[in-house]
Structures are given as structure tokens and as C-alpha cells.
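Chain by chain, the residues run as shown.
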Amino acid sequence: MDIAEVEQRVLDAAEALFYEHGVQAVGMDRLRSASGVSLKRLYQCFPSKEALVEAWLRRRDRHWRGMLAGHVEHRPVGDRPLAVFEWLHAWFAEPGFRGCAFINAFGEMGTGSAAVADAVRDHKAEVRGYLLGLVRAAGAESAERLADQLAVLVDGAITTAAITGESGAALRARDAAAVLLAPTG
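A quick note: this is a predicted structure, and the numbers were derived from the prediction, not measured.

Draft legend 1. Structural view of the pattern of salt bridges. This structure, assessed with the given rule, holds 16 salt bridges. Taking the shortest distance from any N to any O, the salt bridge between E5 and R9 comes out at 4.0 Å. Pair noted here: E5 and R9 are both in helix α1 (residues 3-21), with a separation of four residues, about one helical turn. The class of E5 is partly exposed, set by a relative accessible area of 38%. Linking D61 and R65 is a salt bridge whose minimum nitrogen-to-oxygen distance equals 2.8 Å. Taken together, the residues span about one helical turn, with D61 and R65 both in helix α4 (residues 49-72) at a distance of four residues. D61 sits in the buried class, given a relative accessible area of 10%. Each member of the salt-bridge network shares a partner with another, and the members are R128, R136, E144 and D148.

Draft legend 2. Main features of the nonpolar core. Of all hydrophobic cores here, the largest spans 59 residues; its most connected members are L31, W56 and L88. At 10 residues, helix α8 (residues 143-164) tops the list of elements feeding residues into this core. The contacts of L88, once residues within four sequence positions are left out, are W64, V154, I158 and A170.

Draft legend 3. Geometry of the packing of α8 against helix α9 (residues 169-181). Contact geometry of α8 with α9 gives a least axis separation of 8 Å together with a crossing angle of 165°. On the basis of the axis angle, α8 is roughly antiparallel to α9. Relative to α9, α8 is oriented so that their crossing is right-handed. On α9, the residues that touch L146, Q149, L150, L153, A157, T160 and A161 of α8 are A169, A170, A173, A176, A177, L180 and L181. Looking at the contact of α8 with α9, its residues break down into 12 nonpolar, two polar and no charged.

Draft legend 4. Representation of unusual backbone geometry. Residues other than glycine seldom take positive phi values, yet S142 does so here, at roughly 50°. When its relative accessible area of 55% is taken as the criterion, S142 is described as exposed.

Draft legend 5. Main features of the side chain of H123. In this fold, H123 is placed in helix α7 (residues 114-137). On the accessibility criterion, H123 (2% relative accessible area) is buried. When neighbours within four sequence positions are excluded, H123 is seen to be in contact with D61, W64 and F102.

Draft legend 6. Expanded view of the packing of aromatic side chains. What the rule picks out here adds up to seven aromatic pairs. Ring centres of W64 and W91 lie 5.8 Å apart, and the angle between their planes is 75°; on these two criteria the pair is classed as edge-to-face. With W64 in helix α4 and W91 in helix α5 (residues 80-92), the pair connects residues that are 27 residues apart, well separated along the chain. Ring centres of F92 and F97 lie 4.9 Å apart, and the angle between their planes is 40°; this geometry places the pair in the tilted category. Taken individually, F92 and F97 each receive the classification buried, so the pair is uniform in this respect. One residue, R60, lies across the ring of Y19, its end atom 4.2 Å from the ring centre.

Parameters and conventions
Counting starts from 1 at the beginning of each chain's written sequence and moves along it residue by residue. In keeping with the model being predicted, local features are shown solely for residues with a pLDDT of at least 70 and side-chain atom pairs are shown and tallied solely at 80 or more, while totals for entire chains, interfaces and linings include all residues. The basis for every side-chain value is the complete set of non-hydrogen atoms in the structure, without hydrogens or water. Salt bridges are defined as contacts in which a side-chain nitrogen from Lys or Arg sits within 4 Å of a carboxyl oxygen from Asp or Glu. Going along the chain from the N terminus, every DSSP run of H or I of four or more residues is numbered as a helix, and every run of E of two or more is numbered as a strand. When accessible area is computed with a 1.4 Å probe and restricted to protein chains, residues below 20% of their type maximum are described as buried, those above 50% as exposed, and intermediate ones as partly exposed. We define a nonpolar core as any set of buried Ala, Val, Leu, Ile, Met, Phe, Trp, Tyr and Cys residues linked to one another through side-chain atoms lying within 4.5 Å. What makes two residues a contact is simply this: any of their non-hydrogen atoms within 4.5 Å. A fitted line through C-alpha atoms represents every axis, and for helices the fit uses only the stretch in contact; the resulting angles, taken between N-to-C directions, go from 0 to 180 degrees. For classification, angles of less than 35 degrees are called roughly parallel, those exceeding 145 degrees roughly antiparallel, those between 65 and 115 degrees roughly perpendicular, and all remaining angles oblique. Crossing handedness is defined as follows: a turn of the near helix away from the far one that is anticlockwise and smaller than a right angle gives a left-handed crossing, while the clockwise case is right-handed. For this classification, Asp, Glu, Lys and Arg are treated as charged, while Ala, Val, Leu, Ile, Met, Phe, Trp, Tyr, Cys and Pro are nonpolar and the rest, including Gly, are polar. Each aromatic pair joins two rings of Phe, Tyr and Trp (for Trp, the six-membered one) with centres within 6.5 Å, and gets the label stacked for planes under 30 degrees apart, edge-to-face for over 60, and tilted for any other angle. The rule is short: NZ of Lys or CZ of Arg within 6 Å of the ring centre and within 35 degrees of the ring normal puts a charge over the ring.

This is the structure we're talking about:
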């Protein structure tokens, strides 16, 4: 098994276990068992749990944003900012939804791990940047401020849905976003 395959198997196991159980609750031995990779090979690829968590978050960021963009890009430009919340609604209804992996990981490790905190901050900055691009393309006024507001609505909807178990948080956030996006004047 080459290094790329080992990394893939370990990150696949980390995705399933970290998201379902939390970072702190999952030990390296459990990841070894779930991935079918020896502990020695696991540590060759990821010399510490912190390095593994960071790699997992960075991979999840690319996947998460790719799924979001894949949904949104098929909508008319003016509808794309609100389509973000429609995608969130569908995600929240999926079995196994456990909220934002980035907020969860930050809560568990962020204050003690600069690498994890950086991965979380990078993800949040990328999402905010994506929202900024959507509102600019839609011709919204005060795009920077609006992107900040939409980012707060996204995180709030994710957190609310995780806590309440109700996917409707995305639709309520969409309604608030629609008010913010409405032309003034």
C-alpha cells in the first residue's frame, strides 16, 4: 500500500469517526483498526493526532465547499446566495448530521492547537469569501458587510440544526438572508 492510499484510508476513517464521535473520543488505535492501517504506517503519514485532525479538516473543507458549490452553481446568479440555505436544509436532513465539524473540532482542540485553529479559521474565511463572490455576482449593495452577515446566518443555522435536530433552521436563515438581500430604496 503506497502513502497516498494509506493517507486516504486513514482520512476516510477519521471522517467517519471524528464527525460521529468527536476528535477527543477517538484514539489513534481506533483509527488504526477502522482504516486497516498499521499504527506504524499511520504515524508515518500523520506524526501526531493534531496533524491528522488538521489534514482531516482541510480535506473536509475542500469536500464541503465543493458540495455546496455544486448545488449553487446550477442556479441563476441572482438566486445563488439563497440557494446556499437550500443546500444547508438538505444537508441538515441527512442521517448522521452532527453540525459543523469545524466548530466542533475548534471546541475540542482549537484553543490548544494552533494548527487546528488555523484550519478552522481558513475554512470559515473560505466560506465567507465564497459568499462574498455570490453576493457580488448577484449585484448586492455593501457586499463585504452582507457576506459577513450571511456567514453568521450560515453558522447559526448549522449550530441551531445540530442542537435542535430540526432542518428548518436553514429555511429560517434563508428568510433572514432574503431580507438582507432585498434591494433598498
